[in-house]
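Spelled out, the chains give:
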Amino acid sequence: HEDENGDENESPSPKKSSDQKKPAVIIKDDPSNEVEDAAKTEKSPATAENSTSAKSEQRALKKAQKAKLKSLLLSKVPTHDPDGIPYNKIQIRRMTRRVKHGLDPIPTEEEEREIKERERR
């Protein structure tokens, strides 16, 4: 035999089983399909929603803890100086950080000098 290209073959190539298309029929009584269906149901969107809701609950708890810590720190920070002038946002944030690290909210004169020296460098 000669092919269209002129190659000689002893016999025509038989069709392989992989070349044939398998029908996409699912037999409901087949037990192997039940196992596959069970695996699919485990990874269903419902479990994705459960993990999402668990994550959102964790986020909500973390957010609540952070808000509680912030309110606790802000309760230790003065809002007005001894002359009755209110502190601005930046000053309050700085004092909150100091309280968080265990320092007094208002730095002493020596601490202020050290801070200014560090800023010059």
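Residues numbered from 1 in each chain as written. Predicted model: local features only at pLDDT ≥ 70, side-chain atom pairs only at ≥ 80, totals over all residues. Heavy atoms only, no water.

Participant: Hey, could you go over the confidence of the model for the protein for me, with residue numbers and the actual values?
Facilitator: When pLDDT is low, close inspection of the predicted coordinates is not appropriate. On average, residues of the protein carry a pLDDT of 77, and 60% of them reach 70 or more. Ranking the elements of the protein by mean pLDDT puts helix α1 (residues 31-42) last with 52 and helix α3 (residues 89-100) first with 94. (pLDDT = per-residue confidence, 0-100. Helix = DSSP H or I, 4+ residues; strand = E, 2+ residues; numbered from the N terminus.)

Participant: Go over the layout of surface pockets, please, and point to the residues and values.
Facilitator: Space inside the largest pocket adds up to approximately 390 Å³. Lining the largest pocket are 14 residues; nearest its centre among them are Arg 94, Arg 98, Pro 107, Glu 112 and Ile 115. Listing elements by their share of the lining of the largest pocket, those giving two or more residues are α3 and α4 (109-120). With five residues, the single largest contributor to the lining of the largest pocket is α3. Taken together, the residues of the lining of the largest pocket break down into seven nonpolar, one polar and six charged. Looking at the second largest pocket, its volume works out to about 330 Å³. For the lining of the second largest pocket, the secondary-structure elements that each account for two or more residues are α2 (45-76) and α3. Residues belonging to the lining of the second largest pocket are distributed by class as follows: four nonpolar, two polar and six charged. (1 Å grid on protein atoms, 1.4 Å probe; cavity = no way out; pocket = protein on both sides within 12 Å on 5 of 7 lines; lining within 4 Å. Points joined across faces, edges and corners; volume = space filled by probe spheres on them. Nonpolar A, V, L, I, M, F, W, Y, C, P; charged D, E, K, R; others polar.)

Participant: So what's going on with a positive patch on the surface? Which residues, and what values?
Facilitator: On the surface, a cluster of positive charge is made up of Lys 62, Lys 66, Lys 70, Lys 89, Arg 93, Arg 94, Arg 97 and Lys 100. Elements that contribute at least two residues to the positive patch include exactly α2 and α3. Its place among the elements puts Lys 100 in helix α3. Owing to a relative accessible area of 57%, Lys 100 belongs among the exposed residues under this scheme. (Patch = residues over 30% accessible without salt bridge, like charges linked within 9 Å, V, L, I, M, F, W, Y side chains within 5 Å. Areas by Shrake-Rupley, 256 points an atom, 1.4 Å probe, with all protein chains shown as cover. Salt bridge = Lys/Arg side-chain N within 4 Å of Asp/Glu carboxyl O. Lys, Arg positive; Asp, Glu negative; His and termini not counted. Charge placed at Lys NZ, Arg CZ, Asp CG, Glu CD. Buried < 20%, exposed > 50% of the residue type's maximum accessible area, 1.4 Å probe, protein only.)

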